[in-house]
Amino acid sequence: MPLIAILPGDGIGPEVTAAARRVLEAVASDLEFAEAPVGGAAYEAKGHPLPESTLDLARKADAILFGAVGDFRFDTLERALRPEAAILGLRKELSLFANLRPAVLFEGLEDASALRPEVARSIDLMIVRELNGDVYFGEKGRGTTADGLREGHDLMRYDEGEVRRIARVGFETARARNGKLCSVDKANVLETSQLWRDVVIEVAADYPDIELSHLYVDNAAMQLVRDPGQFDVIVTGNLFGDILSDQASMCAGSIGMLPSAALGADGKKGMFEPIHGSAPDIAGQGKANPCAAILSAAMLLRYSLGRGEAADRVEQAVRGAIADGARTPDLGGSLSTDAMAEQVLERLG
Ligand code: GGG
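So, how was this worked out
Residues numbered from 1 in each chain as written. Predicted model: local features only at pLDDT ≥ 70, side-chain atom pairs only at ≥ 80, totals over all residues. Heavy atoms only, no water. Domains from an automatic or database assignment. Contact = heavy atoms within 4.5 Å. Buried area = accessible area lost by both parts, 1.4 Å probe. Salt bridge = Lys/Arg side-chain N within 4 Å of Asp/Glu carboxyl O. Polar contact = N/O pair within 3.5 Å; in protein donor to acceptor, adjacent residues only side chain to side chain. Helix = DSSP H or I, 4+ residues; strand = E, 2+ residues; numbered from the N terminus. Nonpolar A, V, L, I, M, F, W, Y, C, P; charged D, E, K, R; others polar. Disulfide = S-S within 2.5 Å. Buried < 20%, exposed > 50% of the residue type's maximum accessible area, 1.4 Å probe, protein only. UniProt positions renumbered as here; feature names shortened; annotations may be inferred. Pairing = 2+ DSSP bridges. Axes fitted to C-alpha atoms, helices over the stretch in contact; angles between N-to-C directions. Near = heavy atom within 4 Å. Areas by Shrake-Rupley, 256 points an atom, 1.4 Å probe, with all protein chains shown as cover.

*Asks:* Explain the domain arrangement of the protein to me, using residue names and the numbers behind them.
*Replies:* The domains assigned to the protein are domain 1 (1-98 + 258-348) and domain 2 (110-253). Of the residues lining the interface, 15 residues belong to domain 1; the matching set on domain 2 comes to 18 residues. Together domain 1 and domain 2 conceal approximately 1400 Å² of surface at their shared face, both sides included; 66% is due to carbon and sulfur atoms. The interface formed by domain 1 and domain 2 contains zero salt bridges. In this assembly, domain 1 and domain 2 are joined by four residue pairs in polar contact (both at pLDDT 80 or more). Considering each element in turn, the side of domain 1 that touches domain 2 owes the most residues, three residues, to helix α4 (residues 84-93). Considered class by class, the residues forming the side of domain 1 that touches domain 2 number nine nonpolar, one polar and five charged.

*Asks:* An account of the state of the cysteines is needed here, citing residue identities and associated values.
*Replies:* A full pass over the atoms with the stated rule returns zero disulfides. In this structure Cys-182 is not part of a disulfide, and its nearest cysteine sulfur, from Cys-251, lies 15 Å away. Cys-251 supplies the cysteine sulfur nearest to Cys-291, a cysteine that is in no disulfide, at a spacing of 18 Å. Judged by its relative accessible area of 0%, Cys-291 falls in the buried class.

*Asks:* With reference to specific residues and values, describe the UniProt feature "domain: Isopropylmalate dehydrogenase-like" (unreviewed entry) in the protein.
*Replies:* With numbering matched to this structure, UniProt assigns "domain: Isopropylmalate dehydrogenase-like" (unreviewed entry) to residues 3-344. For residues 3-344, helix accounts for 40% and strand for 18%, while the C-alpha atoms at its two ends are 23 Å apart.

*Asks:* Could you give an account of the sheet that holds strand β4 (residues 98-104), with specific residues and numbers?
*Replies:* If you trace the ten strands from one edge of the open sheet to the other, you get β2-β1-β3-β12-β11-β4-β5-β10-β8-β9, paired in mixed fashion. Where the open sheet ends on each side, the last strands, each with one partner, are β2 (32-35) and β9 (211-216). Taking the axes of each pair of neighbouring strands and ignoring which way they run, one obtains an average angle of 25 degrees across the sheet. Pairing of β4 with strand β11 (residues 261-263), which is carried by three bridges, proceeds in the antiparallel orientation. Bridged to Ala-98 within β11 is Leu-263. Sitting on the sheet, helix α9 (residues 238-251) touches β4, β5 (124-130), β8 (180-185) and β10 (233-236), and the angle it makes with β5 is about 155 degrees.

*Asks:* Tell me about the site of the ligand, residues and numbers included.
*Replies:* Neighbouring the ligand are 14 residues, the closest being Arg-91, Arg-129, Glu-273, Pro-274 and His-276. Within the backbone of Val-69, an N or O atom sits 2.9 Å from an oxygen atom of the ligand. The separation between a nitrogen atom of the ligand and a polar main-chain atom of Pro-274 is 2.8 Å. In isolation the ligand exposes 360 Å². Once the protein is present, 88% of that is buried. Put simply, the parts of the chain that give the shell around the ligand at least two residues each are β3 (63-68) and α4. Top element by residues in the shell around the ligand is α4. It accounts for three residues.

What follows is the structure, given as C-alpha cells:
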C-alpha cells in the first residue's frame, strides 16, 4: 500500500491539501495517508518548523503532498526557525533537486491571464528549476562594514555536478516534450552563470536531437510575456526559477493553477506542492483555489506511483471544470475551495 505523507503547513495549505487528498482518494482506493505538521504550524506545535517526526515520515513515505508554508507572525524569528526553513530542509534532506513546474493555459482561462488572449493561448511550457543550490543554500550572514554599516550576504554558488544533473533533467524533459530547451542564466554578469552555461553546453553534446538556446534571465522574463509560445522547456537555477514560475503562473491565469513536483535522482520519489505560498490573508475563508494542489496530486500519481492513467483523469477533470466555467475568486469567480473541488470530483466519473 503506497504511503502518502500529507504536510498541510500554514495558511491556505490545509484547505488545498484536504481538497487534493479527496481527489487522490477518489482515483486510488489503495493509498495510505499519514499527516504531520510543517512550517509555522509545526513551530507552534513542536518548537521547530521541520520536526524530526515530520522528517521521518517524509523519509519513509512513497510520496509527499505538501501544502504551503509561511506566516507573517513568524517574521521576527531567526531564519532557521522560520516556516520557510522547512521547505528548504525537506528538499535538501531528501535530495529533491529537480523541480518541475508546468505552466499551461487551460481552455477558458484566456480572460484570467495577464496577457492578451491570443498571446496567452500559446502558453504550454515546463520550467525545470534547480532546488538544492544557489543563494538559497550558499553561505549567509550579517556583519558590519568598516564604516559601521550593517551588511548582509547570501552566497550564490553552484558546482559543476549540481549543474550537470539538473541540465540532464532539462534535456530529458525536452526530449519527452517538443525537443526545445532554453537555459536561463545571467552569464554576462555572474560567475555562477558562466559555469552554468559552460556545463549546459557540455551536456548538450549528449543531446544532439534537442534544440538548445540560452537567455539572460532579464530577457527571459520579458520574452515570457511578449511571446511565451517560443518556450517548450526552460532550465534554470533556484532563484531565477522561483521568480520566473510565479511570473508564468499569471500568464496562465493564476498562481492558483500551477502545480509542481520536486524530484530526486530516481525521478520517482518526490514532494508535490502548489507553487503558491500560504496566503495568510485569505486563510480559513474558503477562498483558495485548490486546482494547483489537485494538479500536484496528479503529478504525484504520475511520477511517484507510476499511475499515468489516474493522473490523466485528474488533469482532464480540472480542465473540464475550468472549461465549463468553474471559477474561484482568483479566476474572477465565486466558488469556494470545497465547491471547486466538488466540480473536479464530479468530473472524475
Ligand atoms: N507551496 C509553496 C510554498 O509554500 N512556498 C513558500 C516558500 O517557502 N517558497 C520558497 C521556495 O519555493 O523556494
